[in-house]
Amino acid sequence: MDCRICGGTVTEFLDLGRQPSANRFVPPGRAAEEPLFPLAVGACGGCTMVQLTTEVPRELKYHDEYPYRASGSALHREHFARAARDLLRTELTGPDPFVVEVGCNDGVMLGTIADAGVRHLGVDPAAEVAALAAARGVRVLTDWFEARTAAAVRAVHGPADVVFGANTICHLPYLGSVLAGVDTLLTADGVFVFEEPYLGTIVERTAFDQIYDEHVFYFTVRSVRELARRFGFELVDVAPTPLHGGELRYTLARPGRRRPSPAVEQWLDRERATGLAHPRTVERFAEAVRRVRTDLVATLERLAAEGRRVVGYGAPGKSTTVTNYCGIGPALLPFICDSTPAKQGRVVPGARIPIAPPEAFRAPYPDFALLFAWNHAEEIMAKERDFAERGGRWIVYVPRVQVL
Ligand code: TYD
Ligand code: ZN
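Quick caveat: nothing in here was measured; it's all calculated off a predicted structure.

Some thoughts on the overall build of the chain
Piece 1. Within the chain, the regular secondary structure consists of 13 helices and 17 strands.
Piece 2. Computed over the C-alpha atoms, the radius of gyration of the chain is 21 Å, within 12% of the 22 Å expected from 2.2 N^0.38 for a compact globule of 404 residues.
Piece 3. Within the chain, the fraction of its 404 residues that count as buried is 59%.
Piece 4. As displayed, the chain offers around 16000 Å² of accessible surface, 50% of which is attributable to carbon and sulfur atoms.

Written out as structure tokens, the structure reads:
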């Protein structure tokens, strides 16, 4: 296929089979209607951008009942409150600053901006979650962010000092339109700040569960620098963040308006040294992924044969990839508990494993718990200390299958 950024040739390196849309948690009765799509990733020989080879229509993904809640963990709440305070202190300092967020979800970031009385607008197409943001005082436009919406926002609200996105920019296959929109919206010295899953982390930790239909792109500093250049921006800063196992936050500005931080070159050097996005690196990653599948299925089958009770903990979008790729269904995992009300009483797409509220975890405790929400391990293990104290064991599969 042709690269969505530069038109170069994309060579596939990992095929995760036919999969449903990862966050389409449906009631058990509606499970049969689920459409499946090929899930595979490849790297562009031109601009190096790693991307999905097939696209799921956006209306299927970000529908009104889209269940993801960014405020679902203390880690996320604290991180985004800090991100908002940082923007207020460093960028939103003029007389009447304005910030636009691409995909504001439940207002986890803009809530803090709204509390500070600063002008803002969240643009998010998912009605239920956008209503949660509105309920906490965040101004929301229920729509997709692209060139068209950006022009409409500018016409009504004027230019923005900051356009922000978190785990949303890699979701948008039409990045050319997104960056044209950012160009329309930003003031001369404004910045576009976004934090997204990092291919370096995914490869290093064999975190293949980050690969699902919503994540169209798997950024590297090199591919983002190239993306910025192609669409008239300059990458001026890169910084690590702790979410989703380790992401990167990128800052883009208009060319020549900001002095690039030394971090940009440092990250590029590191990527060169590790050969990230090199065919050999991604092929080795694909092998490691297949090994995780073999080991995880073998572990669950062995425990089932021994008559042990195993349940899942956390049903992130990531769990859809893992269960469907590994062929894990209710026979190996009778249910998964998750704290998100919008997921409870529904089933994991494709795998059809029922999702129960967290109380089901201790009624009674299972012998083993497969931790899908591994990026929240610290918070969850602290909350469920009693499980381990009573002899319960955690099973993790990142960076490899281990029974803790
Ligand atoms: P997350 O990793 O944020 O999302 P995704 O992979 O979909 O981008 O999702 C974490 C999931 O784990 C979310 O569905 C909520 C759930 N969860 C719990 O059930 N209990 C907890 O204590 C925490 C922190 C999360
Ligand atoms: Zn390309």
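Observations concerning the pairing of strand S10 (residues 234-241)
Piece 1. Inspection of the sheet shows S10 paired to strand S11 (residues 247-253) by seven bridges, in the antiparallel sense. Within S11, the position partnered with Glu234 by the bridge is Ala253.
Piece 2. Connecting S10 to the next strand, S11, in antiparallel fashion are five residues, including His244 with a positive phi near 50°.

Comments concerning the nonpolar core
Piece 1. Membership of the largest hydrophobic core comes to 108 residues, with the highest contact counts inside it found for Ile211, Phe219, Tyr250, Leu252, Leu296 and Tyr397.
Piece 2. For this core, the element with the most residues is helix H10 (residues 279-305), which contributes nine residues.
Piece 3. Setting aside anything within four residues of it in sequence, one finds Leu252 in contact with Leu179, Gly190, Val191, Phe192, Phe194, Val224, Ala228, Phe233, Glu234 and Leu235.
Piece 4. In terms of nonpolar packing, the next biggest core, distinct from the first, is built from 24 residues, Ala70, Leu88, Val99 and Leu243 among them.

Quick word on empty space enclosed by the protein
Piece 1. This structure, assessed with the given rule, holds two cavities of 30 Å³ or more.
Piece 2. Estimated volume of the largest cavity: approximately 60 Å³.
Piece 3. Counting only elements with at least two residues in the lining of the largest cavity, the list comes to strand S2 (37-44) and helix H11 (317-326).
Piece 4. Volume-wise, the second largest cavity comes out at about 30 Å³.
Piece 5. Partitioning the lining of the second largest cavity into residue classes produces five nonpolar, four polar and no charged.

So, the site of ligand 1
Piece 1. Around ligand 1 sit 21 residues, and of these Gly317, Lys318, Asp338, Asn375 and Lys383 come closest.
Piece 2. Broken down by secondary-structure element, the contributors of at least two residues to the shell around ligand 1 are H11 and helix H12 (377-383).
Piece 3. Examining the composition of the shell around ligand 1, we find that three residues originate from one element, H12, more than from any other.
Piece 4. Along the lines of polarity and charge, the residues of the shell around ligand 1 split into seven nonpolar, nine polar and five charged.
Piece 5. Both domains that furnish three or more residues to the shell around ligand 1 are identified here as domain 2 (74-274) and domain 3 (280-403).

A few points about the sheet that holds strand S1 (residues 10-19)
Piece 1. Judged by pairing direction, the sheet is antiparallel, and its four strands sit side by side in the order S1-S2-S3-S9 without closing on themselves. Each edge of the open sheet carries a strand with a single partner, namely S1 and strand S9 (217-218).
Piece 2. Judged from the two bridges that link them, strand S3 (residues 50-52) and S9 form a sheet pairing that is antiparallel. Each residue of the ladder has a partner; that of Val50, found in S9, is Tyr218.

A look at the packing of helix H8 (residues 221-230) against helix H9 (residues 262-274)
Piece 1. Between H8 and H9, whose axes approach to 9 Å, the crossing angle comes to 125°. Taken as axis vectors, H8 and H9 run oblique relative to one another. Only Val264, Glu265, Trp267, Leu268 and Glu271 of H9 make contact with H8, whose side of the interface consists of Val221, Arg222 and Arg225.
Piece 2. Looking at the contact of H8 with H9 residue by residue, the class counts come to four nonpolar, no polar and four charged.

Comments concerning the UniProt feature "domain: Methyltransferase putative zinc binding" (unreviewed entry) in the chain
Piece 1. The positions UniProt marks with the feature "domain: Methyltransferase putative zinc binding" (unreviewed entry) are residues 3-60.
Piece 2. Secondary structure content for residues 3-60 is 5% helix and 36% strand, while the C-alpha to C-alpha distance between its ends is 22 Å.

Rules of the game
Numbering of residues starts from 1 in every chain and runs along the sequence as written. For naming, the first written chain is A and the first written ligand is 1, with later ones following in the order written. For this predicted model, a pLDDT threshold of at least 70 governs which residues receive local features, and a threshold of 80 or more governs which side-chain atom pairs are given and counted, while totals over whole chains, interfaces and linings are taken from all residues. Processing note: side-chain calculations cover all non-hydrogen atoms of the structure and skip hydrogens and water entirely. Runs of E in the DSSP output that reach at least two residues are strands. Runs of H or I that reach at least four are helices, and both are numbered from the N terminus. To get the radius of gyration, use the C-alpha atoms; to get the globule rule, take the number of residues to the power 0.38 and multiply by 2.2 Å. The rule is simple: take the accessible area with a 1.4 Å probe, protein chains only, and divide by the maximum for that residue type; under 20% is buried, over 50% is exposed, in between is partly exposed. Under the convention used here, a 1.4 Å probe and the Shrake-Rupley method define accessible areas, while residue burial counts only the protein chains that appear. Here the rule is simple: two strands pair whenever DSSP picks up at least two bridges between them. Throughout this description, the term nonpolar core refers to a set of buried Ala, Val, Leu, Ile, Met, Phe, Trp, Tyr and Cys residues connected via side-chain atoms within 4.5 Å. The contact rule is simple, with two residues in contact once any of their heavy atoms fall within 4.5 Å. Both cavities and pockets are sets of points on a 1 Å grid over the protein atoms alone; in a cavity a 1.4 Å probe fits but cannot get out, in a pocket the set is open with protein on both sides within 12 Å along at least five of seven lines, and lining residues sit with an atom within 4 Å of a point. Grid points are joined across faces, edges and corners, and a volume is the space filled by probe spheres set on the points. For this classification, Asp, Glu, Lys and Arg are treated as charged, while Ala, Val, Leu, Ile, Met, Phe, Trp, Tyr, Cys and Pro are nonpolar and the rest, including Gly, are polar. Each residue is tested against the molecule or strand, and it is near if at least one of its non-hydrogen atoms lies within 4 Å. Where each domain starts and ends comes from a domain assignment, either automatic or drawn from a database. Each axis is a line fitted through C-alpha atoms, taken for helices only over the stretch in contact, and angles between the N-to-C directions span 0 to 180 degrees. Each angle gets one of four labels, with under 35 degrees taken as roughly parallel, over 145 as roughly antiparallel, 65 to 115 as roughly perpendicular, and the rest as oblique. UniProt positions are given in the numbering used here, feature names are shortened, and annotations may be inferred rather than shown by experiment.

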